[in-house]
Structures are given as C-alpha cells and as structure tokens.
Amino acid sequence: MVGGDGPALWTVSFGEGTPVVFIPGGPGCCDYLEPVARAVRGVRAIRYEPRGCGRSEPVDRYTLADAIGDMERVRQHHGIDRWVVAGHSAGADWALAYALQHTHRVAGIVCLSGGRIHNDREWHAEYSRARDAGEEPDLEFAYPPNMEVNRQLNAEWKAFIKQPTLLRDLSRLRVPALLVYGSEDIRPAWPVEQVANLLPSARWELLAGANHNLWLTHENELGQMVSAFIAGTSGMG
C-alpha cells in the first residue's frame, strides 16, 4: 500500500526493464490491466488502484488534481525517476493530463482506447446508443466500480478540457506517444485521432476488429505494438 500524504493506495510491481505505470479507466474502476501489463515485454510493470477504487482507501471528494497527485505518490513509492504512463479509456485521459503537468517525469505516453479532450453531443449520443443496444461486451471486475468516483471525476475532466491553453500545451508536448484504438469500439475514434495528430511526437494505430477492450481479442498484437514503442523511446529513467 502507498501511504504518506493521502489515502492508502493499492499497488503492485513486477518484471524488469523500462518502468511503465498502467492506469485503469472508468473513472472509478479497480485495476483490471494485468493482462495488458503481462503482454508488454521488457518492462517493469506498475499497476495501482485510484483512491476510492478496489483496495484503495475512499475519500469524500474526488478531484483530477488529487488523481494526478496520487500517480506521483505511486511513482515515488516505487523509487522511479521517469516512467512511461500507459492508460486505458479514461486512464488514457489521465495519462495526458499527468504528462502535461509532470513532463520531466514522463519518458513516453501510451493511450489505449482513450485520450480525448472533447465533450461532443453527437459522440455521446452514438456511444450511448451502441451501449444501450448491447454492442459492447462487459468486462468482469474483481471489485465493483465506484460510481461516485465516476461522477465526480467525469465532471472534473469536463472542466479540465475547457482550459484556454490546452490545445496549445498539447501541441508543445514533445514526448513520444502511441495512441491505439479499436475499429469496433462503440466510442467514435475521431477525437483520439485528433489528439494523435496534435501531439508532435505521436503515432496513431487503429486495430482492425478490436473493440474498446483491445486485449480481449488482440492481446499478442497489442503487446507487440506497445513493447516495440517502449523499446524505441529514449531517455528512460
């Protein structure tokens, strides 16, 4: 458990190589990214559960600033100088926010099925239609999602993306980035592809036949793609 200034956070580390933190989505979900972490080779994989999720301690108020600060607490707990931040879904959004605020700690960014900076009505309408129609298989979680975390942090993200300088700041974020999306994701891909084209050192990959949870059908392909990206980045800590 990560102690210190803040609620206790569950975390685990395994493997040797480039340090990579895997950030779960939701927001409000426990850790579910072990299959992804094990598919990526040559890394020291660090997983954790955000405050209020899974085995981590809950609090009364959930903010994006605290979520980013908790990632710093996890980094310090594991004695890491620089790492790759790899997030899935809303965790990919957090990876971008963390990289903007702690750029000198980031050797690379991996956004899986996320990394969007919009609040478009048509996007939400299409996602809601496909979700309600049962077009996406559900993940099985070891612990139920915390819907209060989800509610508060979704509101926090909507406020975060209204920053007047956000697009400018992203266009100046010279950190290697890999953004991967599934062609069968019920969430339209265009917002994340826009971010991939905005970041100066990013690569966009669309996995044919994959849905939101890319590893369920493309674990080997995803693992090889992320492994090659991480091996090709420089200046690891």
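No experiment lies behind these values; they were computed from the predicted model shown. (Residues numbered from 1 in each chain as written. Predicted model: local features only at pLDDT ≥ 70, side-chain atom pairs only at ≥ 80, totals over all residues. Heavy atoms only, no water.)

Undergrad: Talk me through the side chain of R116; I want residue IDs and the actual numbers.
TA: Looking at the element boundaries, R116 is found in the loop between β5 (106-112) and α4 (121-132). Excluding residues that lie within four positions of it along the chain, R116 makes contacts with D93, W123, H124, W157, P191 and V192. (Helix = DSSP H or I, 4+ residues; strand = E, 2+ residues; numbered from the N terminus. Contact = heavy atoms within 4.5 Å.)

Undergrad: Could you give me a rundown of the pattern of salt bridges, with the residues and numbers involved?
TA: With the rule as written, the count across this model stands at 18 salt bridges. The partner of R38 in a salt bridge is E34, and the shortest N-O contact between them spans 2.8 Å. Taken together, the positions of R38 and E34, both in helix α1 (residues 34-39) and 4 residues apart, correspond to about one turn of that helix. A relative accessible area of 44% places R38 in the partly exposed class. A residue is classified by how much of its surface remains accessible, and E34, at 33% relative accessible area, is partly exposed. R73 is paired through a salt bridge with D70; the nearest N and O atoms lie 2.9 Å apart. With R73 and D70 both in helix α2 (residues 64-77) and 3 residues apart, the pair spans about one turn of that helix. Across the pair, D70 and R73 agree in class, each one buried. (Salt bridge = Lys/Arg side-chain N within 4 Å of Asp/Glu carboxyl O. Buried < 20%, exposed > 50% of the residue type's maximum accessible area, 1.4 Å probe, protein only.)

Undergrad: Residues and numbers for empty space enclosed by the protein, please.
TA: Per the counting criterion, the structure on display carries 1 cavity of 30 Å³ or more. If you add up the space inside the largest cavity, you get close to 50 Å³. Along its surface, the largest cavity is lined by P50, R51, Y62, T63, A67, D70, W94, V149 and L153. Looking at the lining of the largest cavity, the elements that each hand over two or more residues are α2 and α5 (147-160). (1 Å grid on protein atoms, 1.4 Å probe; cavity = no way out; pocket = protein on both sides within 12 Å on 5 of 7 lines; lining within 4 Å. Points joined across faces, edges and corners; volume = space filled by probe spheres on them.)

Undergrad: I'd love a proper account of the environment of G115, names of residues and values included.
TA: One can find G115 in the loop between β5 and α4. Given the relative accessible area of 0%, G115 is considered buried.

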